[in-house]
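Residues per chain, in single letters:
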Amino acid sequence: MKNFVFLCLAMVALSFLACERDPYWDDEPWHHERYDNDRNNNHNGHNGNNNGNNNGNNNGDNNGNNNGNGNGNTDNGDNSDNTDVGNYTITKLYAIVMRRAIAYPFKAYVLQIDNGEYFYMLRYRFNQDLYVGDKISFSVYSYCPNEIAVINGCTLGEGDAAEESSSAGAGEYLVASDPIEATVAEMFSMKVCYAVSFWPIDSWFIVTTDGNLVYVKKSKLNVSLKPGDRFVYNTYTLYPNEILALKKL
């Protein structure tokens, strides 16, 4: 029995000696000093990160402010990849929604300028409404010549507001609208970025006689359309201006 008790006491003693003590909370002074140094180093590291972030934010803000011109431009920043188009008057203007990389219907303008060309622009890039007759100075993305990247200035005109397209009711499967019959009033083409990471895709824009503007990728339009043609189509429920399927009547 005595041998058993002695053996137990010996095992407890060995276990105690084998336990790793916490160096940060040791009673020896040098361990406290190391903890304080580590804490100071962490604090300095956080300060360094904060200074770096603040400097980065300040530089970004300064660059944005330097590039902005106070004319309602909300797309401040580096415009080195943009191509300046010049000053033109808006002759036609449509309000639609478009999709990008995320599944959200972004409000957008499709507009014609007085040289006959068409462009589109996501509306959050400019913090005021546009009207027919407005004279705008703008730049487009170099990789997408039909998408307005920034409006550099705007002189107000006295024209009408953008034409709004009517939304179709949701179809049986919710993703697509009910079939819609329409007549082509006019057509034009543009390159469109359907997602931020994708290359611009050639697309047809169709204005119907009832004032709607819809668009479709050229690769999905397997029929020839011209003004006066009747057709039936449906759109995505979330993007009521983008044609999902089309058939000529």
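Since the model is a prediction, treat every value here as computed from it, not as a measurement. (Residues numbered from 1 in each chain as written. Predicted model: local features only at pLDDT ≥ 70, side-chain atom pairs only at ≥ 80, totals over all residues. Heavy atoms only, no water.)

Looking now at the nonpolar core. Counting 21 residues, the largest nonpolar core has Val110, Tyr120, Phe188, Phe205 and Leu213 as its most contacted members. Listing elements by their share of this core, those giving two or more residues are strand 1 (82–98), strand 2 (106–113), strand 3 (118–122), strand 5 (144–155), strand 7 (180–192), strand 8 (201–208) and strand 9 (213–217). Apart from the residues within four sequence positions on either side, Phe205 is in contact with Val110, Glu186, Met187, Phe188, Met190, Val192, Leu213, Val214 and Tyr215. The next biggest cluster of nonpolar side chains, apart from the first, holds 16 residues, and it includes Phe119, Ile136, Phe138 and Ala162. (Core = buried A, V, L, I, M, F, W, Y, C linked by side-chain atoms within 4.5 Å. Buried < 20%, exposed > 50% of the residue type's maximum accessible area, 1.4 Å probe, protein only. Helix = DSSP H or I, 4+ residues; strand = E, 2+ residues; numbered from the N terminus. Contact = heavy atoms within 4.5 Å.)

In total, this model carries ten aromatic pairs according to the counting rule given. Centre to centre, the rings of Tyr236 and Tyr239 are 6.4 Å apart; their planes meet at 75°, and the pair counts as edge-to-face. By relative accessible area, Tyr239 is classed as buried at 8%. Three or more aromatic residues joined by ring pairs make a cluster, and in this case those are Tyr118, Phe188, Tyr194, Phe205 and Tyr215. Sitting over the ring of Tyr194, Lys217 keeps its end group 4.8 Å from the ring centre. Above the plane of the ring of Trp204 lies Lys218, whose end atom (NZ or CZ) is 4.7 Å from the centre. (Phe/Tyr/Trp six-rings, centres within 6.5 Å; stacked < 30°, edge-to-face > 60°. Lys NZ or Arg CZ within 6 Å of the ring centre and 35° of its normal.)

Judged by how many residues are buried, strand 9 sits mostly within the fold: four of five residues are covered. Inspection of the sheet shows strand 8 paired to strand 9 by five bridges, in the antiparallel sense. If you follow Val207 over to strand 9, its bridge partner there is Leu213. In textbook terms, the turn of a hairpin is the stretch between consecutive antiparallel strands, and for strand 8 and strand 9 this stretch comprises four residues, one of which, Gly211, has a positive phi near 90°. (Pairing = 2+ DSSP bridges.)

Inspection of the entire model under this criterion finds nine salt bridges. Ionic pairing is found between Arg125 and Glu147, a salt bridge with its closest N-O pair at 3.7 Å. Of this pair, Arg125 sits in the loop between strand 3 and strand 4 (135–141) while Glu147 sits in strand 5, and the two are 22 residues apart along the sequence. Taking the shortest distance from any N to any O, the salt bridge between Lys248 and Asp229 comes out at 3.6 Å. One end of the pair, Lys248, is in strand 11 (residues 243–248); the other, Asp229, is in the loop between strand 9 and strand 10 (230–235), and 19 residues separate them in sequence. Note on Asp229: relative accessible area 9%, which makes it buried. Salt bridges sharing partners connect three or more residues here, namely Arg100, Arg125 and Glu147. (Salt bridge = Lys/Arg side-chain N within 4 Å of Asp/Glu carboxyl O.)

Here we come to the sheet that holds strand 10. Pairing in this open sheet of five strands is antiparallel, and the strands run 9-8-7-10-11 from one edge to the other. Two strands bound the open sheet, and with one partner strand each, they are strand 9 and strand 11. Going across the sheet, the axis of each strand differs from the next one's by a mean of 35°, ignoring polarity. (Axes fitted to C-alpha atoms, helices over the stretch in contact; angles between N-to-C directions.)

Time to look at the pairing of strand 10. By the criterion of burial, strand 10 is predominantly enclosed, with five of the six residues buried. Note: strand 7 against strand 10, four bridges, orientation antiparallel. Pairing of Glu181 across the sheet is with Val232, part of strand 10. The pairing of strand 10 with strand 11 spans five bridges and is antiparallel. Note on strand 11: the bridge partner recorded for Thr235 is Ile243.

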